[in-house]
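# Close look at the chain arrangement
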Amino acid sequence: MTQRTILLSLFLLLPLLSDGQRFFFKNYSTDEGLPSVTTQILQDEKGFLWISTADGGIFYFDGESFSSFNEDNGLANNNVRSFLFDQEGYMWLGTMGGISRFDGRHFISYNSQEDSLTNNQVHSVYELKDGRLLFGTEDGLVIREDDCFKNYNIQQGLCSNKIFSVLEDSNHTIWIGTQKGLAKYEAGQFYCIDYPGQK
């Protein structure tokens, strides 16, 4: 037997000779009380899971059972598109009915009727390194700083008013995913990014 044949034989036998790691999955569904559409999952600092949904608000899983928070508890809308935990420990939720802040017991909600939001349909929530919060909406980018909401749209240079995602890079440039491509915010100015094949 050549050395090459021996190596090939060992390689093929290796899975049979070793105790391969096995993964076991437990499925959770509407039978356990979850709504049918999950939009995002995050783990808090205690290790518990939070699950946002498109039709039932937000759910909390402690490893054994689910608890839910929804419009009946003060959430702006049961269709939660995005959420995060900020640097102070508050949960911020972007919903199809506005923005909510959750302190673990109570919600404070913000909307276009009572607050300075231009649109209630919020697709994304992002926190910058300096603590400012950004919300991507159907009608532009909303920045929350000093307890105020400031709205930015195509009139300030965005490519589109529909904002789906936001990211801050290591140089503090803010990248914005819109319906009409990618934009960036740098040195107080919005720029639309042209890329090959763009129409």
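Before reading on, note that the structure itself is shown above.
The notes below deal with the structure included here. (Residues numbered from 1 in each chain as written. Predicted model: local features only at pLDDT ≥ 70, side-chain atom pairs only at ≥ 80, totals over all residues. Heavy atoms only, no water.)

### Some thoughts on the pairing of strand S1 (residues 38-43)
Pairing analysis gives five bridges linking S1 to strand S2 (residues 49-53), with the strands arranged antiparallel. Along S2, the bridge assignment pairs Thr 38 with Thr 53. (Pairing = 2+ DSSP bridges. Helix = DSSP H or I, 4+ residues; strand = E, 2+ residues; numbered from the N terminus.)

### Observations regarding the packing of aromatic side chains
Aromatic ring pairs are defined here through the distance separating the ring centres and the angle between the ring planes. Overall, the coordinates contain 17 aromatic pairs when judged by the stated rule. Each residue in the set Phe 48, Trp 50, Tyr 60, Phe 69, Phe 83, Phe 85, Phe 102 and Phe 107 is aromatic and connected to the rest through ring pairs, giving one cluster. Sitting over the ring of Tyr 90, Arg 101 keeps its end group 4.0 Å from the ring centre. Here Lys 184 stacks its cationic end above the ring of Tyr 191, 5.9 Å away from the centre of that ring. (Phe/Tyr/Trp six-rings, centres within 6.5 Å; stacked < 30°, edge-to-face > 60°. Lys NZ or Arg CZ within 6 Å of the ring centre and 35° of its normal.)

### Here we look at unusual backbone geometry
Notably, Asp 146 is not glycine yet its phi reads approximately 55°, a positive angle. By the secondary structure assignment, Asp 146 is in the loop between strand S11 (140-145) and strand S12 (148-152). For His 172, which is not glycine, the phi torsion reads 70° and is therefore positive. Tracing the chain through its elements places His 172 in the loop between strand S13 (163-168) and strand S14 (174-178).

### Topic: the nonpolar core
One finds Leu 134, Leu 141, Leu 158, Val 166, Ile 174, Ile 176 and Phe 190 to be the most contacted residues of the largest nonpolar core, which totals 15 residues. Listing elements by their share of this core, those giving two or more residues are S11, S13, S14 and strand S15 (181-186). For Ile 176, the contacting residues outside a window of four places in its chain are Leu 141, Leu 158, Ile 163, Ser 165, Gly 181, Leu 182, Ala 183, Tyr 185 and Phe 190. (Core = buried A, V, L, I, M, F, W, Y, C linked by side-chain atoms within 4.5 Å. Buried < 20%, exposed > 50% of the residue type's maximum accessible area, 1.4 Å probe, protein only. Contact = heavy atoms within 4.5 Å.)

### With respect to the environment of Ile 193
Among the secondary structure elements, Ile 193 is positioned in the segment after strand S16 (189-192). Accessibility expressed as a relative area gives 22% for Ile 193, which makes it partly exposed. Sequence separation between Ile 193 and Ala 183 is ten residues; the distance between their C-alpha atoms is 5.5 Å.

### Remarks on the sheet that holds strand S8 (residues 107-110)
A sheet is described by the order of its strands in space; here four strands give the open sequence S5-S6-S7-S8, paired in antiparallel fashion. Two strands in the sheet have a free side with no partner beyond their single neighbour: strand S5 (80-85) and S8. Taken over all neighbouring pairs, the strand axes of this sheet differ in orientation by 20° on average, direction set aside. Across five bridges, the pairing between strand S6 (residues 91-95) and strand S7 (residues 98-102) is antiparallel. Residue Leu 93 lies in a different strand from S7, and its bridge partner there is Ser 100. (Axes fitted to C-alpha atoms, helices over the stretch in contact; angles between N-to-C directions.)

### What about the sheet that holds strand S10 (residues 133-137)?
Sheet architecture is open: four strands sit in the order S9-S10-S11-S12, paired in antiparallel fashion. With one partner strand each, in any of the chains shown, strand S9 (122-127) and S12 form the two edges of the open sheet. Pairwise comparison of adjacent strand axes, ignoring direction, gives a mean angle of 20° for this sheet.

### Overview of the side chain of Glu 168
Tracing the backbone through its elements, the reader meets Glu 168 in strand S13. Classification of Glu 168 by relative accessible area gives buried; the value is 9%. A polar atom in the side chain of Glu 168 sits 3.0 Å from the side chain of His 172. Leaving out residues up to four positions away in the same chain, Glu 168 has contacts with Tyr 126, Leu 128, Lys 129, Thr 173 and Ile 174. (Polar contact = N/O pair within 3.5 Å; in protein donor to acceptor, adjacent residues only side chain to side chain.)

### Observations concerning the pattern of salt bridges
According to the stated counting rule, one finds six salt bridges in the structure shown. Across the pair Asp 147 and Arg 144 runs a salt bridge whose closest N-O atoms are separated by 3.2 Å. Look at Asp 147 and you get exposed, because its relative accessible area is 62%. The partner of Lys 150 in a salt bridge is Glu 145, with the nearest N and O atoms 3.5 Å apart. On the basis of relative accessible area, Glu 145 is assigned to the partly exposed category, the value being 22%. (Salt bridge = Lys/Arg side-chain N within 4 Å of Asp/Glu carboxyl O.)

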